[in-house]
Amino acid sequence: MIFKTPRGTQDILPSETWKWQRVEKIINETCDTYRYKEIRTPLFEQTELFQRLVGETTDVVQKEMYTFMDKGNRSMTLRPEGTAPVVRSFVEHKMFGYPDQPVKLFYTGPMFRYERQQAGRYRQFVQFGAEAIGSADPAIDAEVIALAMDVYKRAGLTKLKLVLNSLGDTECRTSHKEALIAHFGPHIEEFCGDCKSRLEKNPLRILDCKVDYKNPLIASAPSLADYLNEESVAYFKEVKSYLDDLGIAYEVDANLVRGLDYYNHTAFEIMSTSEGFGAITTLCGGGRYNGLAEEIGGPSAPGIGFAMSIERLLLAMEAEGKSFVDEPNLDVYVITLGEEAKHPGFKLLSELRSSDIRSDMDYMDRKMKGQMRSADRLNAQVVVIIGEDEVAENVAMVKNMSDGTQEKIATGELIEKIKDILTR
Ligand code: HAM
């Protein structure tokens, strides 16, 4: 029996993890600059949370959730996204009572969706997301978008497109929904089973149906833009003017609807425009979700946020030919020759590490040549060689790998000498 990673998942190997750590560092630093604090929620939640908040008629809830009964016969679901858990936590921990409003949170962690695997689409993927809950100020919409753009910028990406839309408030959505039902209703027999069930509950979903997208009735459907009321138009205008203040370019796309039900007012996506990028160009998606906290018994707490997958961020970097500075080197490799040298070498290794010097030694009983090869492979900047003669003399040979020079150094002065070479 040969075991492999389950379809749609991947092992992130040490040759790649360092890149993830760099991205996570950028995320943590950028969020700190914007005063977003990290939140960590469980990997699974009650299934009903997602059904209620993400929406019964969405693909995510209907087709993509990893749902299971636990031993107590309760239905649980591996989180397919982070907003519902964060809003649950906001309500559960009464964060609406915190003196600092809005509450600004971020998270980085695995999400699970049973999707068809392709480049950039996985069944387990890591989302970095941010949520600002408690304010209906259009300036915070622009702040949240700026945070996402800033993370990409700090990762070196330049080929980005921000697409915006307004989904309006409940009033405009209700009148638009009625118009859609009147538009599609008489012809619903031409549509797929999913669309039929969407008609009454959520006809907006018909517009991004993956089966019927070529049906001309979709192109001629009433546009939400024509149903936006005055307040929604004014709100959207403010968001755009705050983005203008920040010099963030955007395109307005009246067809941008997003795949989750909780959105209203601002909806946005950030795409990669790099030629090398695959078929899936969306790097990040988000929007406003006023009313979501009330949906699960909390007080009114308007929110906005986004999420981006780290996998797609790294793919976009690759497509743009951007890379981080080289994989971190090893500072020191300690070579020991003979039994007597092993103990002093082992102790030296520990001293080096206590001084925060990245170091390693041989544990495979290799000969001098083999140990030297390891040091080369690991890109060590300094090699310390301890043989029986060195032990007797209480010294070690220190070799600077960048210029090839070597020097005998007294044991007591080793750390200082090595530090000196490393900082040169
Ligand atoms: P979403 O559009 O479903 O929104 O996902 C956001 C991002 O997660 C996508 O743009 C993409 O980068 C990544 N993503 C989604 N599915 C996959 C997948 N199967 N494989 C790889 N990456 C994927 C949300 O999840 C919302 N919770 C965003 C949000 C936060 N809205 C408000 N606050």
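Note that the structure is a prediction, hence the values are computed from the model and not measured.

Draft legend 1. Representation of unusual backbone geometry in the model. Of note, the bond from Gln 101 into Pro 102 is cis; its omega dihedral lies within 30 degrees of zero at -5°. Considering the arrangement of structural elements, one finds Pro 102 in the loop between α4 (83-92) and β5 (103-112). Despite not being glycine, His 265 has its phi angle at roughly 50°, a positive value. Mapped onto the secondary structure, His 265 falls in strand β9 (residues 264-272). Residues other than glycine seldom take positive phi values, yet Asp 365 does so here, at roughly 60°. Within the secondary structure, Asp 365 is located in the loop between β13 (359-361) and α13 (368-377).

Draft legend 2. A look at α4. In terms of burial, α4 is largely enclosed, as 9 of its 10 residues are buried. Taken together, the buried positions of α4 are Thr 83, Ala 84, Pro 85, Val 86, Val 87, Arg 88, Ser 89, Phe 90 and Val 91. Buried residues along α4 sit in contact with β2 (44-46), α2 (47-54), β5, β6 (124-133) and α10 (292-295). Looking one or two residues past α4, Lys 94 carries a phi angle of roughly 50°, positive in sign.

Draft legend 3. View of helix α7 (residues 193-201). Every buried residue of α7 is accounted for by Cys 195, Arg 198 and Leu 199. Each buried residue of α7 lies within a common arc of 120° when the element is viewed along its axis, so the set occupies one face. Projecting away from the buried face of α7 at angles above 90 degrees are the exposed residues Gly 193, Glu 200 and Lys 201. Buried residues along α7 sit against α3 (59-63) and α6 (170-184).

Draft legend 4. Focus on the environment of Met 361. Its place among the elements puts Met 361 in strand β13. For the pair Met 361 and Leu 243, spaced 118 residues apart in sequence, the C-alpha separation works out to 53 Å. For Met 361, the contacting residues outside a window of four places in its chain are Tyr 333, Val 334, Thr 336, Lys 342, Gly 345, Phe 346 and Leu 349.

Draft legend 5. Inspection of the site of the ligand at higher detail. Taken together, 27 residues form the shell around the ligand, and within it Glu 81, Glu 115, Glu 131, Tyr 263 and Leu 283 come nearest. In the environment of the ligand, a nitrogen atom lies 2.6 Å from a nitrogen or oxygen atom belonging to the side chain of Glu 81. In the environment of the ligand, an oxygen atom lies 3.1 Å from a nitrogen or oxygen atom belonging to the backbone of Ser 309. Notes on the ligand: free accessible area 660 Å², of which the protein chains cover 95%. Looking at the shell around the ligand, the elements that each hand over two or more residues are β6, β10 (282-288) and β11 (303-309). Looking at the shell around the ligand, the element that brings in the most residues is β10, giving 6 residues. Broken down by class, the residue content of the shell around the ligand amounts to 11 nonpolar, 9 polar and 7 charged.

Draft legend 6. Quick look at a nonpolar patch on the surface. On the surface, Leu 43, Phe 44 and Phe 68 cluster together to form a nonpolar patch covering roughly 260 Å² of accessible area. Structurally, Leu 43 can be placed in the loop between β1 (37-38) and β2.

Draft legend 7. Here's a closer look at the packing of α2 against α4. In the contact formed by α2 and α4, the axes pass within 9 Å of each other and the chain directions differ by 105°. Taken together, the axis directions place α2 and α4 in an arrangement best described as roughly perpendicular. Together, Leu 49, Phe 50 and Leu 53 of α2 and Ala 84, Pro 85, Val 87 and Arg 88 of α4 make up the contact between the two elements. Across the contact of α2 with α4, the residue classes tally to 6 nonpolar, no polar and 1 charged.

Draft legend 8. Broad picture of the packing of helix α1 (residues 14-33) against helix α11 (residues 310-319). For the pair α1 and α11, interaxial distance at closest approach is 11 Å and the crossing angle is 105°. Taken together, α1 and α11 sit at an angle that is classed as roughly perpendicular. Residues Lys 19, Trp 20, Val 23 and Ile 27 of α1 form the contact with α11, whose participating residues are Ile 310, Glu 311, Leu 313 and Leu 314. Per-class residue counts for the contact of α1 with α11 are 6 nonpolar, no polar and 2 charged.

Draft legend 9. A look at the sheet that holds β11. Spatially, the 8 strands line up as an open sheet ordered β1-β5-β6-β11-β10-β9-β7-β8, and their pairing is mixed. Since the sheet does not close on itself, it has two edges, and those belong to β1 and β8 (251-252), each with one partner. Pairing analysis gives 10 bridges linking β5 to β6, with the strands arranged antiparallel. Residue Val 103 lies in a different strand from β6, and its bridge partner there is Ile 133. With respect to the sheet, α11 is in contact with β5, β6, β9, β10 and β11, its orientation differing from that of β11 by roughly 60°.

Draft legend 10. Region of the structure containing the side chain of Ser 374. Tracing the backbone through its elements, the reader meets Ser 374 in helix α13. Apart from the residues lying within four places of it in its own chain, the contact partners of Ser 374 are Tyr 333 and Arg 366.

Draft legend 11. Region of interest: a negative patch on the surface. Together, Glu 339, Glu 340, Asp 365, Glu 388 and Asp 389 give the surface a local cluster of negative charge. Listed by contribution, the elements that provide at least two residues to the negative patch are α12 (339-354) and α14 (388-393). In this structure, Glu 340 sits in helix α12. You can call Glu 340 exposed: its relative accessible area is 53%.

Draft legend 12. Spotlight on the pattern of salt bridges. Per the counting criterion, the structure on display carries 25 salt bridges. A salt bridge links Arg 52 to Glu 48; the nearest nitrogen and oxygen atoms lie 3.3 Å apart. Of the two residues, Arg 52 and Glu 48 both sit in helix α2, 4 residues apart, roughly one turn of that helix. With relative accessibility at 42%, the residue Arg 52 sits in the partly exposed group. Between Arg 358 and Asp 331 there is a salt bridge, with the nearest N and O atoms lying 3.3 Å from each other. One end of the pair, Arg 358, is in the loop between α12 and β13; the other, Asp 331, is in the loop between α11 and β12 (332-336), and 27 residues separate them in sequence. It is possible to trace a salt-bridge network through shared partners that takes in Asp 59, Lys 63, Asp 194, Arg 198 and Lys 210.

What counts and what doesn't
- Residues numbered from 1 in each chain as written.
- Predicted model: local features only at pLDDT ≥ 70, side-chain atom pairs only at ≥ 80, totals over all residues.
- Heavy atoms only, no water.
- Helix = DSSP H or I, 4+ residues; strand = E, 2+ residues; numbered from the N terminus.
- Buried < 20%, exposed > 50% of the residue type's maximum accessible area, 1.4 Å probe, protein only.
- Contact = heavy atoms within 4.5 Å.
- Arc of directions from axis to C-beta.
- Near = heavy atom within 4 Å.
- Polar contact = N/O pair within 3.5 Å; in protein donor to acceptor, adjacent residues only side chain to side chain.
- Areas by Shrake-Rupley, 256 points an atom, 1.4 Å probe, with all protein chains shown as cover.
- Nonpolar A, V, L, I, M, F, W, Y, C, P; charged D, E, K, R; others polar.
- Patch = residues over 30% accessible without salt bridge, like charges linked within 9 Å, V, L, I, M, F, W, Y side chains within 5 Å.
- Salt bridge = Lys/Arg side-chain N within 4 Å of Asp/Glu carboxyl O.
- Axes fitted to C-alpha atoms, helices over the stretch in contact; angles between N-to-C directions.
- Parallel < 35°, antiparallel > 145°, perpendicular 65-115°, else oblique.
- Pairing = 2+ DSSP bridges.
- Lys, Arg positive; Asp, Glu negative; His and termini not counted.
- Charge placed at Lys NZ, Arg CZ, Asp CG, Glu CD.

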